[in-house]
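Spelled out, the chains give:
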Amino acid sequence: MKTKDMVLAIAIFTVMSLFSNAITTKASSAAAIINSIPGLCILAIIALAGMIAAKFIPGGIPAAAWVVTIGCLVTVPGFPGAEFINAKVKLVNFVALCTPILAYAGISIGKDLDAFQKTGWRIVVLACAVFIGTYLASAVIAQFILKALGQI
Amino acid sequence: MKNIKLHAIVLALIVISEMIGVIPISIGIGRIVLLPMLYALIFGMLLTPKFLNVAKEKEMLDASSLIGVTLMLLMARYGTLVGPTLPKILAASPALILQEFGNLGTVLLGVPLAVYLGLKRETIGAAHSVAREPNVALIGEKFGLDGAEGRGVMGVYICGTVFGTIFFGVMASVCGALGIFHPYALAMAAGVGSASMMTAAVGSLVAMFPDMKDQLAAFGAASNMLSGLDGLYMSVFIGLPMTEWLYRKFYKIKYGVEAPASDAKKEDEA
């Protein structure tokens, strides 16, 4: 994707997120909606920076990893402006950002509905196994190390 | 990108879904939570040619080409959730840090089951991690969310969103009652990168072991922060390669032939 297109796409999603965030957080006044704009713009800049890094920095590290890392870095206590950034992005609800994504996902999934129906119940069974797998394996390791350290 | 109709449809979906709001449903042992994102997904699907035919072929294709980018705003927010907690994360104990590798348990249990159930490349998306937001972004970027891998990760993500909380709450109760594991170990295991799942699991443990309340809550929260930090890197560097490898092994055992490669579009073509 061209850098110009990335900027346009991020700008569109930022506007979409402004709507979902305003309704999720039950913004009652125009001021509350305007207050969320700086946070959204900061997130848009972080997202763009990460995508551009993934595009131009060799090593094949996915854009998602770049974006998370940059977002983490600029909010670590002690980073210049971290407190300001943190205060602003706090006004953007995490779950509200998911709604636009799944709206696009819903429309795009339309063309694979048959495949979804075929795999549907299997994925549900698998999801349970995935949850059990991560929980039990983590518990086994934690139990073992805590025992070894004499903490339990 | 410049498909105005698509963006107008999406905006309408967002507004309608958010207006409906969160619907919690109590079912005795806990709560199932329906979030606006789920309605947006379902309504979006209902607009496609199979049903209402509002969103046509062009909209579906444009939407799928954009999903990778839509996830980046969420990932930025995700990073800013982790950042402020970083000093606390770095101070965590070795038990907390090492139990993070338990998150790879999804691969060991998930891949064989997925292949047994007859799933193909869906396995890669569904079993490589516990399928929270960063994992969805990773799969979306590498394979696209409209391919088999994307169906897998989206399926588990949705399941986690709808009944993950209740599942983790019940699982923690059962493990606590079995008495095999120390409650501290169970609290550490609860942090899988989802605050609601962790809270439910720790909540169950606190109800059973009220005198350990503070430690359980602290271990759960710390482990969840850790998963937030390492979850994505763990998936990129260990989880995903391990899943691919194990999938090929089990595929060969079941079908007697080499597993076909992914037919999904690669990131550089997107």
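What you are looking at is a predicted structure, and each value in this text was computed from that prediction instead of being measured.

It is worth spelling out the nonpolar core at this point. Formed by 136 residues in total, the largest nonpolar core has its most connected members in Leu-102, Tyr-104, Ile-107, Phe-131 and Tyr-135 of chain A. If sequence neighbours within four positions are ignored, Tyr-135 of chain A has contacts with Phe-168, Met-171, Ala-172, Cys-175, Leu-186, Ala-189, Ala-190 and Leu-205 of chain B.

Next up on the list: the side chain of Ser-194 of chain B. All names here are of chain B. Position of Ser-194 relative to the elements: it lies in the loop between helix H10 (183-189) and helix H11 (195-208). For Ser-194, a relative accessible area of 7% translates into the label buried. Within the structure, Ser-194 has its side chain in polar contact with the backbone nitrogen of Met-197 (distance 3.2 Å). Setting aside anything within four residues of it in sequence, one finds Ser-194 in contact with Arg-132 and Asn-224.

Before going further, it helps to spend a moment on the pattern of salt bridges. Residues and elements named next belong to chain B. For the structure on display, the rule yields seven salt bridges over all chains. Between Glu-59 and Lys-5 there is a salt bridge whose closest N-O contact spans 3.6 Å. Here the residue Glu-59 occupies a position in helix H3 (residues 57-82), and Lys-5 occupies one in helix H1 (residues 4-20), the gap between them amounting to 54 residues. By relative accessible area, which is 5% here, Glu-59 ends up buried. Residue classification places Lys-5 among the partly exposed residues on the basis of a relative accessible area of 35%. The salt bridge involving Asp-62 is made with Lys-58; its shortest N-O contact spans 3.2 Å. Taken together, the residues Asp-62 and Lys-58, both in helix H3 and four residues apart, mark about one turn of the helix. For Asp-62, a relative accessible area of 16% corresponds to the buried category. Through salt bridges that share partners, Arg-121, Glu-149, Glu-244 and Arg-248 make up one connected network.

Here the focus is empty space enclosed by the protein. Residues and elements named next belong to chain B. Considering all chains together, one arrives at three cavities of 30 Å³ or more under this definition. Lining of the largest cavity is provided by 19 residues; of these, Asn-103, Ser-129, Asn-135, Gly-231 and Ser-235 occupy positions nearest its centre. Secondary-structure elements contributing two or more residues to the lining of the largest cavity are helix H8 (133-143) and helix H12 (213-255). For the lining of the largest cavity, the element with the most residues is H12, which contributes eight residues.

Turning our attention to the packing of H1 of chain B against H3 of chain B. When two helices pack together, you describe them by how their axes are tilted relative to each other and by the distance separating the axes. Residues and elements named next belong to chain B. Contact geometry for H1 and H3: axes closest at 9 Å, N-to-C directions at 75 degrees. The angle between H1 and H3 falls in the class roughly perpendicular. Seen from H1, the contacting residues are Lys-5, Leu-6, His-7 and Ile-9; seen from H3, they are Glu-59, Asp-62, Ala-63 and Leu-66. Here the residues of the contact of H1 with H3 are counted per class, giving four nonpolar, one polar and three charged.

Now for the packing of aromatic side chains. Per the stated rule, a full pass over the model turns up 10 aromatic pairs over all chains. Judged by centre distance (5.3 Å) and plane angle (80 degrees), the ring pair of Phe-13 of chain A and Tyr-104 of chain A falls under edge-to-face. Linking Phe-13 of chain A in helix H1 (residues 3-24) with Tyr-104 of chain A in helix H5 (residues 94-109), this pair joins segments that are 91 residues apart in sequence. Of the two residues, Phe-13 of chain A and Tyr-104 of chain A, both sit in the buried class. Between Tyr-251 of chain B and Tyr-255 of chain B the ring centres are 4.5 Å apart and the planes differ by 40 degrees, which places this aromatic pair in the tilted class. Taken together, the residues Tyr-251 of chain B and Tyr-255 of chain B, both in helix H12 and four residues apart, mark about one turn of the helix. The class for Tyr-251 of chain B is buried, based on a relative accessible area of 7%. A network of ring pairs unites the aromatic residues Phe-131 and Tyr-135 of chain A together with Phe-163, Phe-167 and Phe-168 of chain B as a single cluster.

Cut-offs used in this document
- Residues numbered from 1 in each chain as written.
- Chains lettered and ligands numbered in written order.
- Predicted model: local features only at pLDDT ≥ 70, side-chain atom pairs only at ≥ 80, totals over all residues.
- Heavy atoms only, no water.
- Core = buried A, V, L, I, M, F, W, Y, C linked by side-chain atoms within 4.5 Å.
- Buried < 20%, exposed > 50% of the residue type's maximum accessible area, 1.4 Å probe, protein only.
- Contact = heavy atoms within 4.5 Å.
- Helix = DSSP H or I, 4+ residues; strand = E, 2+ residues; numbered from the N terminus.
- Polar contact = N/O pair within 3.5 Å; in protein donor to acceptor, adjacent residues only side chain to side chain.
- Salt bridge = Lys/Arg side-chain N within 4 Å of Asp/Glu carboxyl O.
- 1 Å grid on protein atoms, 1.4 Å probe; cavity = no way out; pocket = protein on both sides within 12 Å on 5 of 7 lines; lining within 4 Å.
- Points joined across faces, edges and corners; volume = space filled by probe spheres on them.
- Axes fitted to C-alpha atoms, helices over the stretch in contact; angles between N-to-C directions.
- Parallel < 35°, antiparallel > 145°, perpendicular 65-115°, else oblique.
- Nonpolar A, V, L, I, M, F, W, Y, C, P; charged D, E, K, R; others polar.
- Phe/Tyr/Trp six-rings, centres within 6.5 Å; stacked < 30°, edge-to-face > 60°.

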